[in-house]
Amino acid sequence: MPKEIDTPRDRRPRLATAAAAVVGLLLVWQAALASSATYDETTYLNAGSRWWREGDRVGVTRMGSPNLFWKIQLAPAFATLDLLGKGDLIADQPRRQAELLPLARIGASWIWLAGFGLVAWWARRLNGPWAIAFAVWLYALSPNLIAHGALVTMEMPVTVATVALFLAFHAFLTTGRRRWFWTSATLAGLAFACKFTVVLYPPILGLVWWLDGMSRDEDLAARLRRTGRVAIGMAGYVAVLLASDFALTGFAVLPLSPATGEHPSVARFGALSPLVARLYETPIPQDWVGFAGQVRHQASGGPGYLLGERKLGGWRSYYLIAAAVKVPLVFWLLVACRLRLDGVKGCLANAPDRMLLQAMLLFLAVASAGSSRNYGVRYLLPMAPLAIVWVSRLARAEGVEGAGLPRLGRTRRAILVVGLLGQAVAVASVHPDELTYFNAIAGGRVGGRRILADSNLDWGQGLRSLARLQRERPEFRDLTLYYFGDVDPAFYGVVGDLHVINADEDRPPLPRVEDATTRYVAVSASLQHGPWGPDDFFRSLDGAEAAAWTEDTTIVVYRAAEARRAAPPG
């Protein structure tokens, strides 16, 4: 690791860091208590219940997802409940989801705290004691990190594992010690066991490594030899990644096909059909089966929503737009200041943390060019801590003043203060519903639904908010609800004529909005504006005035009579 900056000891950075940990954790816990389960959390809680109570090992593998992340998130809460004699809460899912969910979320919040610690360490090693305080406050006041730190989904585990493996790889580049290279590869196996997007990391890290060794005086032969060394090294990296993943998943194996006997899909292989059929039934590492399923999903694409358009297959501009409207504007100011500090060329080629910017840009480019399933800014979340460490260089100073304070100019100090205050304002504008955050460019949460009405806003988490609205205003109990999710809203205390629409293609027929017999109609944003509602099904609501919004703005209530008047003729 790089040598620490030699500065006199000062307690204030440590106190600021500890305060950030406390404040951030409290924000995460409040967010965890405020909402109902997201669409994915219902799946993971049900799978976790089967695993804990019945020993089910398949989990969500055949859905194209790994299992390890939700096991490490749920195990603390499940073990505690069993110890307290409350194990029936685990088994009775999803009926008692509303009781189990906050306990599971709080039990998983140690992962957010682990990410906090890694960001603190990396910022300290690169930029000194006050950079750690600046970085951890940015982390603690990040709406997106708070939002996903409060959920039992794959986003926070893969984000923290990403920080760890990139930190180890950075240590390899700066020290040349191979142990850091193999440590990074082992941690990459952990990250892969949390989310298969990690398959992008080896080529990104390989290119970063190759760029790190570039020299103007290098001739073609030397460059080719270095390229060969990098290629061989990264092949070993991938091998260790796969071995680590296999070990971390308990050496679990599973055949590609759940069935035996005839496999109609292999007929196209002709004479090789018997061999392919045998391969289908041969057990292989379980996560490879899940990865194969995810590859199929990516090949077929998925419904998406961007700027009022629905599309199957996604947009190359999706993640750029998502980052532009889902990240607080003040953070982009910090990015601009960091580029101004060292220059674009200096940040990419000369700065000691150049690996961070290179990796982030490469990841964004690959994700934008290759993803056919645009489901949210959460796919960029693993890069968020790296961005925080990168901008923390703004708090680095050469030399010290009295009492150990870093020597920073007034302009730089003003930028740091504005940055932290801006992050605080962003959180305050939506807390405890950080998942729905949109910045001012998007017009906040109300305007944001016209840009990204998917899991960036409504991931099915609005049932607690709707139940509170019905308690506060009993007239809304006379309600027809069209809800995007995968759980019965009644489990959270919502009453009315309840219709649940999930992401499955085969859906039962729904009663028309105009035919509702209740006084009010409510609809999830992902259905009315986003990609999951039937085409033109909610057109009659486009001209209707909202009677009320849930606190998190994910569900809007309309007067049914007004919806009927606004319905187009015929």
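Within each chain, residue numbers correspond to sequence positions counted from 1 in written order. The predicted nature of this model means local features are confined to residues of pLDDT at least 70 and side-chain atom pairs, given and counted, to a pLDDT of 80 or more, with totals for whole chains, interfaces and linings taken over all residues. To obtain the side-chain values, all non-hydrogen atoms of the structure were used and water was disregarded.

S.K.: Tell me what's going on with the overall build of the chain, and back it up with residues and numbers.
M.R.: Secondary structure elements follow DSSP: runs of H or I of four or more residues count as helices, runs of E of two or more count as strands, with numbering from the N terminus. The helix and strand tally for the chain stands at 24 helices and 9 strands. Atoms considered for the radius of gyration are the C-alpha atoms alone. The globule rule reads 2.2 Å times the number of residues to the power 0.38. Radius of gyration (C-alpha) of the chain: 25 Å, near the 25 Å computed for a compact globule of 570 residues. Seen through its principal axes, the chain has C-alpha atoms that stretch 75 × 70 × 55 Å. Counting the 570 residues in the chain, one finds 55% classified as buried. Put simply, 74% of the contacts in the chain that link residues at least 6 apart link residues at least 24 apart. Each accessible area value is a Shrake-Rupley result obtained with a 1.4 Å probe; residue values ignore everything except the protein chains displayed when judging cover. Within the structure as shown, the chain displays about 24500 Å² of accessible surface, and the carbon and sulfur contribution to it stands at 60%. For the chain, the centre of its 59 positive side-chain charges and the centre of its 47 negative side-chain charges are spaced 9 Å apart. Burial classification: accessible surface area is computed with a 1.4 Å probe over protein chains only, and a residue below 20% of its type maximum counts as buried, one above 50% as exposed, and the rest as partly exposed. Contacts between residues were defined by any pair of non-hydrogen atoms, one from each residue, lying within 4.5 Å. Counting rule for charge: Lys and Arg are taken as positive, Asp and Glu as negative, and neither His nor the chain ends is counted. To locate a charge, take NZ of a lysine, CZ of an arginine, CG of an aspartate or CD of a glutamate.

S.K.: Before we move on, could you go through the pattern of salt bridges and cite the residues and values that matter?
M.R.: Salt bridge, as applied in this entry: a Lys or Arg side-chain nitrogen positioned within 4 Å of an Asp or Glu carboxyl oxygen. If you walk through the whole model with that rule in mind, you get 19 salt bridges. R223 is the salt-bridge partner of E218, the closest N and O atoms lying 3.2 Å from each other. Among the residues examined, E218 registers a relative accessible area of 17% and is labelled buried. In this structure R223 comes out as partly exposed when scored by relative accessible area, which is 26%. The structure contains a network of salt bridges with shared partners spanning R338, D342, D353 and R393.

S.K.: An account of the packing of aromatic side chains is needed here, citing residue identities and associated values.
M.R.: Two rings from Phe, Tyr or Trp (for Trp, the six-membered ring) form a pair when their centres are within 6.5 Å of each other. A pair whose planes differ by under 30 degrees is stacked, one over 60 is edge-to-face, and the rest are tilted. This model, assessed by the stated rule, comprises 32 aromatic pairs. Both rings, one in W51 and one in W70, keep their centres 5.8 Å apart while their planes meet at 80°; by these two values the pair is edge-to-face. In this pair, W51 is assigned in helix α2 (residues 39-54) and W70 in helix α3 (residues 68-83), connecting sequence segments 19 residues apart. Here W70 falls in the buried class, since its relative accessible area comes to 0%.

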